[in-house]
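Read off the chains here:
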Amino acid sequence: VANHQGGDIVVFEPNDFSGSPSPGCTGADNPALDEDGDGYSNADEIDNGTDPCSGGDVPPDADGDRLSDLNDPDDDNDGRPDTSDPFAVDAANGKATPLPVRYTWDPTDPTPGGLMRSGFTGLMTNGTSNYQNLYDPENLTVGGAPGLFTVDEVPAGDATGSANTQEYGFQFGVPVAPSAGLLTARTRVMTPFAGSVPQDNQSMGLMIGTGGQDDFVRLVVTANAGAGGILFSKEVGGSPGAPRVVSEPMPGPDWVDLYLAVDPAAATVQPRYRVTTGGAAGPLRDLGAPEPIPSSWVSGINALAVGLISTSSGPGPEFPATWDLIEVQTAGPPTGALFSDGFESGDLSRWTDFNKM
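Since this is a predicted model, take the numbers as computed values, not measurements. (Residues numbered from 1 in each chain as written. Predicted model: local features only at pLDDT ≥ 70, side-chain atom pairs only at ≥ 80, totals over all residues. Heavy atoms only, no water.)

**Brief notes about the overall build of the chain**
No. 1: On a plain count of helices and strands, the chain comes out with 2 helices and 18 strands.
No. 2: Each of the 357 residues in the chain was classed as buried or not, and the buried ones make up 49%.
No. 3: Within the chain, residue pairs in contact and separated by at least 24 positions form 61% of the contacts whose partners lie at least 6 positions apart. (Helix = DSSP H or I, 4+ residues; strand = E, 2+ residues; numbered from the N terminus. Buried < 20%, exposed > 50% of the residue type's maximum accessible area, 1.4 Å probe, protein only. Contact = heavy atoms within 4.5 Å.)

This is how it looks when you write it as structure tokens:
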């Protein structure tokens, strides 16, 4: 509020946001004390590394119940514990997600919310680990000038079979039902394996499923024993099926677009991919015929999980995995026009900016 007589500007604060300690604050590690009056106990704040003596320094709290996410066993208050909730910060569990969905992480795009403002509302759950233990924010680069989502170092871990050690399996839910028509999920993997030699079972790409590590399909750029390729695989009830693999030399591509086209009425998914190298987009290719999936995945009772997956299950070194976008369209087979984003028309400016980093 401007003081027109003296020219001063006065700011009214409901709490002390200056960072200075509240008068008489001891900072004692006590769950019965809330010395800065921000609604979070001293003990809760100390657990989170926030200041129990400053009302302007509060811990993350997705559901706003004044119990931090770190200490809250149900961060969205949907009655499902964080250890088994595939959408741990979405109380509607994906059923209320408006379609189409498109996250590009560009600075000019609206902030999508979710974990780290990425749009993702959970991670592929293994049923026992809190979702916060399935990723390290310090190992992620989200947004910034190039508008990308990067796992800086993909660690060892895999959802395949009984392993269920997958980390960084970020996902969100979308409503799907047999009466809703076709649905296509797409992501773009940027410069896969650039500056390295693909090793063992390293991979990065797209997944859909129930949100758990026992029921999913994935379409990924893979090391393919060092030759490079595109791999599609399915797992139901913890039992993996035979993968489909085609060779594509890696590194080399500018990017690879991956598509999973879901037909809820037929309970099938069609994997497709397109490779762009030297600014020239290759043909859109089907990776085999449509693959049956359990009808329960698309019955409409639960949302369908859509997300990113990257693995390094072998003994090889950790590696970076970078995505430019993820989207879900209620549409049939993809075309350049349907999924237009500038890259399809040969606009390389954003890729050039990324490649300079």
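There is more to say, and it comes next.
**Brief notes about the pattern of salt bridges**
Pairs can form between side chains of opposite charge whenever their charged atoms are close.
No. 1: One pass over the full model with this rule turns up 8 salt bridges.
No. 2: Several salt bridges share partner residues, and in doing so they unite Arg-102, Arg-186, Arg-188, Asp-257 and Glu-327 into one network. (Salt bridge = Lys/Arg side-chain N within 4 Å of Asp/Glu carboxyl O.)

**Looking at the side chain of Asp-38**
No. 1: By the element assignment, Asp-38 lies in the segment before α1 (42–48).
No. 2: The buried charged residue Asp-38 lacks any salt bridge, with Arg-66 as its nearest oppositely charged partner at 6.5 Å.
No. 3: Among the polar contacts listed, one links the side chain of Asp-38 to the backbone nitrogen of Tyr-40, at a separation of 3.0 Å.
No. 4: Non-local contacts of Asp-38, meaning those with residues more than four positions away in its chain, are made with Glu-45, Ser-54, Gly-55, Asp-57, Val-58 and Arg-66. (Lys, Arg positive; Asp, Glu negative; His and termini not counted. Polar contact = N/O pair within 3.5 Å; in protein donor to acceptor, adjacent residues only side chain to side chain.)

**Side note on the packing of aromatic side chains**
No. 1: The final tally for this structure, using the stated rule, is 11 aromatic pairs.
No. 2: On the numbers, 5.4 Å between centres and 45 degrees between planes, the contact of Trp-105 with Phe-149 is tilted. Of this pair, Trp-105 sits in the loop between β1 (101–103) and β2 (122–123) while Phe-149 sits in strand β4 (residues 148–154), and the two are 44 residues apart along the sequence.
No. 3: Through pairs of rings, three or more aromatic residues link up here, namely Tyr-103, Trp-105, Phe-120, Tyr-135, Phe-149, Tyr-168, Phe-170, Phe-172 and Trp-323. (Phe/Tyr/Trp six-rings, centres within 6.5 Å; stacked < 30°, edge-to-face > 60°.)

**Brief notes about unusual backbone geometry**
No. 1: For the peptide bond that leads from Leu-99 to Pro-100, omega is 0 degrees, which places it in the cis range.
No. 2: Mapped onto the elements of the fold, Pro-100 is located in the loop between α1 and β1.
No. 3: The phi torsion at Asn-77 lies on the positive side, around 55 degrees, for a residue other than glycine.
No. 4: With respect to the helices and strands, Asn-77 occurs in the loop between α1 and β1.
No. 5: Here Asn-164, not a glycine, exhibits a phi torsion of approximately 50 degrees, which is positive.
No. 6: With respect to the element layout, Asn-164 can be found in the loop between β4 and β5 (170–174).

**Some remarks on the state of the cysteines**
Formally, a disulfide is one covalent bond, and it connects the sulfur atom of one cysteine to the sulfur atom of another.
No. 1: According to the stated counting rule, one finds 1 disulfide in the structure shown.
No. 2: There is a disulfide in this structure between Cys-25 and Cys-53, and the S-S distance comes to 1.9 Å. One disulfide, between Cys-25 and Cys-53, carries an S-S torsion of -75 degrees and so falls in the left-handed class. Here Cys-25, found in the segment before α1, pairs with Cys-53, found in the loop between α1 and β1; they are 28 residues apart in sequence, far enough to count as distant. The two residues Cys-25 and Cys-53 agree in class, both being buried. (Disulfide = S-S within 2.5 Å.)

**Observations regarding the pairing of strand β8 (residues 216–222)**
No. 1: The buried fraction of β8 is high, at 7 of 7 residues.
No. 2: Neither face of β8 is left uncovered, since the one carrying Phe-216, Arg-218, Val-220 and Thr-222 and the one carrying Val-217, Leu-219 and Val-221 both have all their residues buried.
No. 3: Here strand β7 (residues 203–209) runs beside β8; their pairing, made up of 7 bridges, is antiparallel. Among the inter-strand pairings, Ile-208 is bridged to a residue of β8, identified as Val-217.
No. 4: Pairing geometry for β8 and strand β9 (residues 229–236), over 7 bridges, is antiparallel. (Pairing = 2+ DSSP bridges.)

**Observations concerning the environment of Gly-114**
No. 1: Summarising the element assignment, Gly-114 is placed in the loop between β1 and β2.
No. 2: Residues Gly-114 and Val-89, 25 residues apart in the sequence, show an inter-C-alpha distance of 6.9 Å.
No. 3: Every residue in contact with Gly-114, bar those within four places of it in the chain, is listed here: Gly-119 and Phe-120.

**Remarks on the environment of Asp-263**
No. 1: One can find Asp-263 in strand β12 (residues 255–263).
No. 2: Along the chain, Asp-263 and Ala-177 lie 86 residues apart, while their C-alpha atoms are 9.3 Å from each other.
No. 3: Setting aside its immediate chain neighbours within four residues, Asp-263 contacts Leu-182 and Thr-268.
No. 4: From its side chain, Asp-263 meets the backbone nitrogen of Ala-265 in a polar contact 3.1 Å long.

**Quick look at the environment of Pro-315**
No. 1: In this structure, Pro-315 sits in the loop between β17 (304–311) and β18 (319–329).
No. 2: Separated by 116 residues in sequence, Pro-315 and Gln-199 place their C-alpha atoms 8.8 Å apart.

**Quick notes on the confidence of the model for the chain**
No. 1: For the chain, mean pLDDT is 87; residues scoring 70 or higher make up 86% of the total.
No. 2: Taken together, the stretch residues 332–357 has pLDDT below 50 and engages in 52 contacts with residues farther than four places along the chain or on a different chain. (pLDDT = per-residue confidence, 0-100.)

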